[in-house]
Amino acid sequence: KNFFTSFTSFIIIVAIVLGVSVTHVELAFAAALNTLSDTQSSVKVSTVSDHTIQFVTPTGVGAGQNISITFPAGWTMGALATTSIDFATSTSASCSGFTDALISNSASGLTWGVSTTTSAITITSGTAVIPANRCVQIEIGSNATSQGTGSSTIVNPSSATSSIIVIAGTFGDTGTITANIITDDTVAMTGLVNQSLTFTISTTTIYFGTLGSGAAK
């Protein structure tokens, strides 16, 4: 009886171990984006501004997945055409040496699709992929030039604030960027510069004409 009980326990343990081994699944977890930045052409309140957004995705982007950029309340998106958006990636985690992708109103093959709402921009892959640990750059406004001449349409909030721009999407990685909007982003400067006069005489003879008492020479 003891032998039978021990043998049965052994079989059960083996079955559990085999079951765990057979049902083991590799899971891919989303990660936090890093090296995030948003360079604006202006941070003044109520002013149209271009944006250059960069981030590194630890996970990458798979075929059919998307990346979304959501602006908080207070920003005005305007009507963004595809020519006003450039989408590019680098060949490493270094945010340099970017290659622009083809974009259109809908995703198809290697062309990425772009859709917008009053607060968000979504960029969707057709069959294109972005490997892990690549830097992504998204230019929005007149700085977008890869497919035409872009137009600036995003207007900063009407009052000074610190806004949180959210990067997310079905590709899984997430991150935020703080955009500081101020009352005035210009600096007035005045200064005094000492005058100087420099000239060169190209001849050793200067003709003064007829000299007279009342004529200055």
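Scroll up to find the structure.
Parameters and conventions
Residues numbered from 1 in each chain as written. Predicted model: local features only at pLDDT ≥ 70, side-chain atom pairs only at ≥ 80, totals over all residues. Heavy atoms only, no water. Core = buried A, V, L, I, M, F, W, Y, C linked by side-chain atoms within 4.5 Å. Buried < 20%, exposed > 50% of the residue type's maximum accessible area, 1.4 Å probe, protein only. Helix = DSSP H or I, 4+ residues; strand = E, 2+ residues; numbered from the N terminus. Pairing = 2+ DSSP bridges. Phe/Tyr/Trp six-rings, centres within 6.5 Å; stacked < 30°, edge-to-face > 60°. Contact = heavy atoms within 4.5 Å. Polar contact = N/O pair within 3.5 Å; in protein donor to acceptor, adjacent residues only side chain to side chain.

The biggest cluster of nonpolar side chains holds 31 residues, and the ones touching the most others in it are Phe-55, Phe-87, Trp-112, Ile-121, Ile-138 and Ile-167. Contributing elements (two or more residues each) for this core: β2 (51–57), β3 (66–70), β4 (85–89), β7 (112–116), β8 (120–124), β9 (134–140), β10 (161–168) and β11 (175–181).

A few words now on the pairing of β10. Here β3 runs beside β10; their pairing, made up of three bridges, is antiparallel. In the sheet register, Thr-70 faces β10, and the bridge partner there is Val-166. Note: β10 against β11, seven bridges, orientation antiparallel. Bridge assignment links Val-166 to a residue of β11, and that residue is Thr-176. The antiparallel hairpin formed by β10 and β11 contains six residues in its connecting segment, where Gly-169 sits at a positive phi of about 130°.

Okay, unusual backbone geometry next. Even without being a glycine, Thr-35 presents a positive backbone phi close to 55°. You can see Thr-35 is positioned in strand β1 (residues 34–40). Here the phi dihedral of Ser-46 falls at roughly 55°; this positive angle occurs in a residue that is not glycine. If you trace the backbone, Ser-46 turns up in the loop between β1 and β2.

Glancing now at the packing of aromatic side chains. By the definition in use, this model includes two aromatic pairs. Residues Phe-71 and Trp-75 carry aromatic rings whose centres are separated by 5.3 Å and whose planes lie at 50° to one another, so their mutual orientation is tilted. Residue Trp-75 is classed as buried on the basis of its relative accessible area of 7%. Ring plane angle 50° and centroid distance 4.7 Å describe the contact between Phe-87 and Trp-112, whose orientation is recorded as tilted.

Sheet architecture is open: six strands sit in the order β6-β7-β8-β3-β10-β11, paired in mixed fashion. Of all the strands in the sheet, just β6 (103–104) and β11 have a single pairing partner and so form its edges.

Bringing the environment of Thr-89 into the picture now. As for its position among the elements, Thr-89 is in strand β4. For Thr-89, a relative accessible area of 21% corresponds to the partly exposed category. Each C-alpha atom, one on Thr-89 and one on Asp-100, is 6.7 Å from the other, the two residues being 11 residues apart in sequence. Sequence-distant contacts of Thr-89, defined by excluding residues within four places in its chain, comprise Gly-97, Phe-98, Thr-99, Ile-130, Cys-135 and Val-136.

With that out of the way, let us pick up the pairing of β2. With seven of its seven residues buried, β2 lies for the most part within the structure. Because side chains alternate across β2, one face comprises the buried residues His-51, Ile-53, Phe-55 and Thr-57, and the other comprises Thr-52, Gln-54 and Val-56, equally buried. With five bridges connecting them, β1 and β2 associate as antiparallel partners. Counterpart to Thr-39 in the pairing with β2 is Thr-52. In this structure, β2 lies alongside β9, joined through seven bridges in antiparallel fashion. Within the sheet, the bridge partner assigned to Ile-53 lies in β9 and is Ile-138.

Let us now look at the environment of Asn-156. Summarising the element assignment, Asn-156 is placed in the loop between β9 and β10. A relative accessible area of 3% means that Asn-156 is categorised as buried. Spatially, the C-alpha atom of Asn-156 lies 9.1 Å from that of Met-77, the residues being 79 residues apart in sequence. Residues in contact with Asn-156, not counting those within four places in the same chain, are Gln-40, Ser-42, Val-43, Lys-44, Val-45, Ser-46, Thr-47, Ser-49, Gly-74, Trp-75 and Ile-181. Among the polar contacts listed, one links the side chain of Asn-156 to the backbone oxygen of Lys-44, at a separation of 2.9 Å.

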